[in-house]
Amino acid sequence: MCSLFGLIDHQNKLTTREKNRILNTLARECEVRGTDATGIAYHFGGRLRIFKRPLPARKLRLRVPSDVNVIMGHTRMTTQGNEKFNQNNHPFPGSIHGKTFALAHNGILWNDKILRQQENLPQTSVETDSFIAVQLLEQQNALDFQSLKEMAEKVEGSFVFTVLDSEDAIWFVVGDNPLCLFHYDGFTLYASTQDILVKATKRLRLGKPESVQQPQEGEILKIDKHGYQTTDSFMPRTTYPHWWRHSPYYGYPWDEDSRLHDELVAAAKAMGVSETEVQALLDYGCDPDEIEELLYDPALLHEMTGELLYAY
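The rules behind the values
- Residues numbered from 1 in each chain as written.
- Predicted model: local features only at pLDDT ≥ 70, side-chain atom pairs only at ≥ 80, totals over all residues.
- Heavy atoms only, no water.
- Helix = DSSP H or I, 4+ residues; strand = E, 2+ residues; numbered from the N terminus.
- Buried < 20%, exposed > 50% of the residue type's maximum accessible area, 1.4 Å probe, protein only.
- Contact = heavy atoms within 4.5 Å.
- Areas by Shrake-Rupley, 256 points an atom, 1.4 Å probe, with all protein chains shown as cover.
- Phe/Tyr/Trp six-rings, centres within 6.5 Å; stacked < 30°, edge-to-face > 60°.
- 1 Å grid on protein atoms, 1.4 Å probe; cavity = no way out; pocket = protein on both sides within 12 Å on 5 of 7 lines; lining within 4 Å.
- Points joined across faces, edges and corners; volume = space filled by probe spheres on them.
- Nonpolar A, V, L, I, M, F, W, Y, C, P; charged D, E, K, R; others polar.
- Pairing = 2+ DSSP bridges.
- Axes fitted to C-alpha atoms, helices over the stretch in contact; angles between N-to-C directions.

1. Some remarks on the overall build of the protein chain
1) Next: What the protein chain contains, in helices and strands, is 9 helices and 13 strands.
2) Next: The buried share among the 312 residues of the protein chain stands at 55%.
3) Next: Expressed as a percentage of contacts within the protein chain between residues at least 6 apart in sequence, the contacts between residues at least 24 apart total 66%.
4) Next: With an accessible surface of roughly 13,700 Å², the protein chain has 48% of that area assigned to carbon and sulfur atoms.

Okay, here's the thing in C-alpha cells:
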C-alpha cells in the first residue's frame, strides 16, 4: 500500500515553481497509500539526486532545481524494513557500468530472501523487500527491456516498479498493482491510482488530460525525456483475480456497484479476513486494489485493522 508518483515535462512547458507545486500536490494526495516515508529522485548537474525522509509528504517541502524535467517519487507504508532507517525507504539507488539509476516499488515481495540465496546476491544493510529488484538488475549489468523482464519474472508478489535511468527515461514495470498516467500538452503525470491523479489535478486546476493511460499487468513501458514511448512485455506469475481492474475515467464505481463489494468480502473471508476488517479499511480510505494487496499479508492486515477498530 505504497504509492508511486512523478512528472515528465517532455517539452519543458512548466516553470520550476509549477513543477514543485505539482510534485507536492501529488505527494500529498498519495498519502492515502502511505505516510511512513516520502522520497523523490531526479538528475541534476550530471548526478542522480535522491531525497527521502521518514516523514509523510505533508511534513516535507519537495523542491527540485531549475532545468529538472523528470522526477520519480514514492510515498511509503512500511511492510518490511524500519522506515526510521532512511536506507530502507524509496527510491533506492543502483549502478550499472558506472551509470546510476533509481528504483521505487509499490507492492509486497515475498521471495526476496530466497532469491538472494538462489542468485548468490550479496547481503545488504537494506532491509526492504523491494531492494532485491535493484540487486537483480545490477547482477545482469544491464538496464533494458530484457533485464527488466528477467527481474519481473523472478520476483513473487504484487508490484509496479518505476526505474529512472541515467538518460532521464522512466521505465514502468507493471505487475498486478495499479498505475495510471495523465498526458497533458507537453507533460505527463503519473500515480498509482487514477483517483489520486483526479484529486491532484483538480486541486492544481489542470483540467482534464488529453489522454489517460493505464498500463496492464505484464507490460513494460519506457517513456524517455522527450515523451517518446516504447513497450515490451513479460510473463506475470499467476495472481489472484482482479475484479476492479478497469474503471471509467473520472469515475470511481465502487460505491455504485455492491456486487464488487460482495465479491471482495467473499474473497477476504476465504483468506481468513472478516467483513468487519474489510469495511474498516474501506472506511479508512483504502481502495479495492490496496485491500487486495493486503490480503497477501494477513498479519499486517490484521495489525492495521486492529489499530483502526481500536481507534473507532
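Back to the text.
2. Concerning the packing of aromatic side chains
1) Next: Applying the stated criterion across every chain, the model contains 6 aromatic pairs.
2) Next: Taking 4.9 Å as the distance between ring centres and 70° as the angle between the ring planes, the aromatic pair formed by Phe145 and Trp171 counts as edge-to-face. One end of the pair, Phe145, is in helix α4 (residues 145–154); the other, Trp171, is in strand β8 (residues 170–174), with 26 residues separating them in the sequence. Just as Phe145 is buried, Trp171 falls in that class too.
3) Next: Ring centres of Phe172 and Tyr190 lie 4.9 Å apart, and the angle between their planes is 90°; on these two criteria the pair is classed as edge-to-face. One end of the pair, Phe172, is in strand β8; the other, Tyr190, is in strand β10 (residues 187–191), with 18 residues separating them in the sequence. As far as burial versus exposure is concerned, Phe172 and Tyr190 are alike and both buried.
4) Next: Cluster of aromatic residues (ring-pair linked, three or more members): Phe159, Phe161 and Phe234.

3. So, empty space enclosed by the protein
1) Next: Under the defined criterion, the tally for this structure stands at 1 cavity of 30 Å³ or more.
2) Next: Looking at the largest cavity, its volume works out to about 40 Å³.
3) Next: Residue lining of the largest cavity: Cys2, Arg76, Met77, Thr79, His90, His105, Gly107, Thr128, Asp129 and Ser130, and that is the complete set.
4) Next: A per-class count over the lining of the largest cavity returns 2 nonpolar, 6 polar and 2 charged.

4. Some details on the sheet that holds β8
1) Next: In spatial order, the strands read β5-β6-β7-β8-β12-β13; together these 6 strands make up an open sheet with antiparallel pairing. Two strands in the sheet have a free side with no partner beyond their single neighbour: β5 (92–96) and β13 (229–233). Averaged over all adjacent pairs, the angle separating strand axes in this sheet is 20°, with direction ignored.
2) Next: Bridge count for β8 against strand β12 (residues 219–223) is 5 bridges, and the pairing is antiparallel. Directly across from Phe172, in β12, lies its bridge partner Leu221.
3) Next: In this fold helix α3 (residues 131–140) packs onto β5, β6 (99–109) and β7 (157–164), with an angle of close to 5° to the strand it touches most, β5.

5. Comments concerning unusual backbone geometry
1) Next: Cis rather than trans, the peptide bond between His90 and Pro91 has omega equal to -5°.
2) Next: Structurally, the position occupied by Pro91 is in the loop between β4 (70–76) and β5.
3) Next: Its identity as a non-glycine residue notwithstanding, Asn141 has a phi of 55°, on the positive side.
4) Next: With respect to the helices and strands, Asn141 occurs in the loop between α3 and α4.
5) Next: On the basis of relative accessibility, which here comes to 41%, the residue Asn141 falls in the partly exposed class.

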